[in-house]
Amino acid sequence: MQRTNTQSEFLEKLITLASETLGVEFLIIDEFEETASGLEQQQQQELFKSSGNLVQVETASIEAGVQILFKISTDFGKVTIGGSLSAKLDEWIIKLVNSTANLLDKEIVLTRCSLFLDEYSAQISRDFEELVWTRDLAVQLQQSDIRVPISKLVQEVFSSLLQTVQASQIFVFQYSRPIGRAAPIPEVDKRSLQSFGSGPVSAQSIPQILSEFGRQARQKIVVNNHPHSLGIEDLASFILLPIQNHDSEFGWILVVNRADDCSNTNYESEEARNEFHQDEFGTFEAGILQSTSIALATQAKNTFLHCEEEELLIGIVRALINAVDAKDPDTRGHSDRVAKVSRRLAQELGFEEQKCEQVYLAGLLHDIGKIGISDNVLLKRDSLTHEEYEHLKLHPVIGYNVLKDLDRVSYVLPGVLYHHETYDGRGYPEGLVAEEIPLIARIIAVADAFDAMTSDRPYRKGIPISEAENRLKENRGPQWDPDVIAAFFSSTDDIYEISFSDQKSDGKLQKKNVDFDFITHAVGLTH
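Read on for a plain summary of the structure. (Residues numbered from 1 in each chain as written. Predicted model: local features only at pLDDT ≥ 70, side-chain atom pairs only at ≥ 80, totals over all residues. Heavy atoms only, no water.)

## Considerations on the packing of aromatic side chains
Here's step 1: Throughout the structure, instances matching the rule amount to six aromatic pairs.
Here's step 2: Aromatic side chains Phe488 and Phe489 sit 5.3 Å apart centroid to centroid with 80 degrees between the ring planes, which places their arrangement in the edge-to-face category.
Here's step 3: On the accessibility criterion, Phe488 (0% relative accessible area) is buried.
Here's step 4: Grouped by ring-pair contacts, the aromatic residues Phe450, Phe488, Phe489 and Tyr496 constitute a single cluster. (Phe/Tyr/Trp six-rings, centres within 6.5 Å; stacked < 30°, edge-to-face > 60°. Buried < 20%, exposed > 50% of the residue type's maximum accessible area, 1.4 Å probe, protein only.)

In structure tokens form, the structure reads like this:
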């Protein structure tokens, strides 16, 4: 162990004291070699008496014909005092040696305490770095939408991770879908590969590293500070670990080469600097990366489960719409057009995007209750009797009962149940008045009425657009919410584009049919 500046100064004072005060002919200071410390300790136990816990003293010997008066051996050096002295100075020499031994005892204790504090300070710094990183990652996870893939999360936080683990480069490779932990590792897709930092190691080296160490890393994180056997140019060290939980694997993290730039960090001492900034990766970096991997795997799993639920919901919505269209082919595309017009009205009324998509899905499902209406009524070519009309009026309640147990689309229920309520309270099923009617239902009511008026039915032809507009204006207040009617006439160009195709047949505008891509988009935004 090398002496500190304080220790060197102390020994220099000892030389001066011995030579000037006592007239000692020579004083030699030797360094102990660190590799011989075990042998030196054994020799000390055999040769020296203890003058304290840390300092050994030997007296009165002859070496190479020279009288050695005293030797003082410590963990950080050895002092030899020799020469010829008169007997009257022996007492002073003994006091000098004992005082020196005691002082060196204390000096060694202080030195060790100082080194311990430096090491402890460095450990606190590492722990703080890890705590800050973990907190930042937790905040990002908390603020992230569950639909956001981990690639976007990685993009936001991995630049700071690069500094935390003092690496030159970090590569993140994410699978398109999770795989089992025992499954073969997929080929690296450049489209799903993210890179942070700058360095000489190419992404083309990743397949080789995964091939050599992937299986091992699946069992325990791989920290390799001497990867010379790989033969990859400029690869000095790396850490490899999968992004995985107990049953699934979502990708890989590869950290490459220890960065040597720590000029911006202040350290209490050189020992603390060396302790904190190592040339090799160690347990500190491995621990941070392990925590990061677990957090990303959790987010990836939740995102995947959410996507599965979303796909299932989209499938259910499509199946329900197809069921209604199969039940009544003459109204095919009606629900889709109502949904799109309703969304445009919601936008005009200032709804947020997510709320607009909720209105859209409610419009899609507003007539789902018709699957419970008798075919004799639904497909009748003539006008309905009073009894048949009363039966048809049950479809909002039937639709509500069909959908009420689907918690993920509970927001559509008011639109499904109340879209036939009227502003003056003469509607059904409950006769609600004005703002007692949920706004989503008042919006769908206008969109539904416009599409119904301008569409052909088995028992009548659709009316011209101009006549439909007049009816909307005339019944603003008694039947429909005046604000929604105002929104309609503020967005007629978009509404006509939504409702009618550009192609014409026999001079009449053709209605557009359902677009399932809009369903996927709406479900994605509402959950």
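## Comments concerning the nonpolar core
Here's step 1: With 45 residues, the main nonpolar core has Leu345 and Val412 as its most contacted residues.
Here's step 2: Broken down by secondary-structure element, the contributors of at least two residues to this core are helix H7 (283-327), helix H8 (334-348), helix H9 (353-364), helix H13 (413-418), helix H14 (439-453), helix H15 (465-474), helix H16 (482-489) and helix H17 (492-499).
Here's step 3: Top contributing element to this core by residue count: H14, with nine residues.
Here's step 4: If we ignore the near neighbours within four places in the chain, the residues touching Leu345 are Ile443, Val446, Ala447, Val484, Ala487, Phe488, Ser491 and Ile495.
Here's step 5: Counting residues in hydrophobic clusters, the runner-up holds 30 residues, among them Phe158, Ile239, Ile253 and Phe281. (Core = buried A, V, L, I, M, F, W, Y, C linked by side-chain atoms within 4.5 Å. Helix = DSSP H or I, 4+ residues; strand = E, 2+ residues; numbered from the N terminus. Contact = heavy atoms within 4.5 Å.)

## A word on the pairing of strand S9 (residues 238-244)
Here's step 1: Counting buried positions along S9 yields seven of seven residues, so the element is predominantly enclosed.
Here's step 2: Strand direction decides the pairing type here: S9 and strand S10 (residues 248-258), joined by seven bridges, are antiparallel. Across the sheet, residue Ile243 finds its bridge partner in S10, namely Gly251.
Here's step 3: Taken together, S9 and the strand that follows it, S10, pair antiparallel across an intervening segment of three residues. (Pairing = 2+ DSSP bridges.)

## Considering the pattern of salt bridges
Here's step 1: Applying the stated criterion across every chain, the model contains 16 salt bridges.
Here's step 2: As a salt-bridge pair, Asp494 and Arg344 come within 2.8 Å of each other at their nearest N and O atoms. Placement of the pair is Asp494 in helix H17 and Arg344 in helix H8, with a sequence separation of 150 residues.
Here's step 3: Classification of Arg344 by relative accessible area gives buried; the value is 15%.
Here's step 4: Across the pair Arg426 and Asp424 runs a salt bridge whose closest N-O atoms are separated by 3.9 Å.
Here's step 5: One connected set of salt bridges, linked through shared partners, spans Arg344, Glu348 and Asp494. (Salt bridge = Lys/Arg side-chain N within 4 Å of Asp/Glu carboxyl O.)

## Brief notes about the packing of H14 against H16
What describes two packed helices is the angle between their axes and the distance between those same axes.
Here's step 1: H16 packs onto H14 with a crossing angle of 50 degrees between their chain directions and a minimal axis gap of 10 Å. In terms of axis orientation, H14 runs oblique to H16. Seen from above, H14 lies across H16 with right-handed handedness. Judged by residue contacts, Leu439, Arg442, Ile443, Val446 and Phe450 of H14 engage Val484, Ile485 and Phe488 from H16.
Here's step 2: Residues that form the contact of H14 with H16 fall into these classes: seven nonpolar, no polar and one charged. (Axes fitted to C-alpha atoms, helices over the stretch in contact; angles between N-to-C directions. Parallel < 35°, antiparallel > 145°, perpendicular 65-115°, else oblique. Left-handed = near helix turned anticlockwise from the far one by under 90°. Nonpolar A, V, L, I, M, F, W, Y, C, P; charged D, E, K, R; others polar.)

## Re unusual backbone geometry
Here's step 1: A cis amide bond, omega 15 degrees, links Tyr428 with the succeeding residue Pro429.
Here's step 2: One can find Pro429 in the loop between H13 and H14.
Here's step 3: The backbone of Asp234 shows a phi angle near 70 degrees, a positive value even though the residue is not glycine.
Here's step 4: Here Asp234 lies in the loop between strand S8 (222-224) and S9.

## Brief notes about the sheet that holds S10
Here's step 1: One open sheet holds the five strands; their spatial order is S7-S6-S10-S9-S8, and the pairing between them is antiparallel. The outermost strands of the open sheet, each flanked by one partner alone, are strand S7 (193-197) and S8. Strand-to-strand, the axes of this sheet are offset by a mean angle of 15 degrees, without reference to chain direction.
Here's step 2: Along the sheet, helix H5 (residues 206-219) contacts strand S6 (167-180), S7, S8, S9 and S10; its crossing angle with S9, the most-contacted strand, is approximately 65 degrees.

## Concerning the side chain of Glu249
Here's step 1: For Glu249, the position within the fold is in strand S10.
Here's step 2: Classification of Glu249 by relative accessible area gives buried; the value is 0%.
Here's step 3: In terms of polar contacts, Glu249 uses its side chain to reach the side chain of Tyr175, at 2.6 Å.
Here's step 4: With residues near it in sequence (within four places) discarded, Glu249 still touches Tyr175, Pro178, Ile179, Gly180, Arg181, Arg218, Pro242, Ile243 and Gln244. (Polar contact = N/O pair within 3.5 Å; in protein donor to acceptor, adjacent residues only side chain to side chain.)

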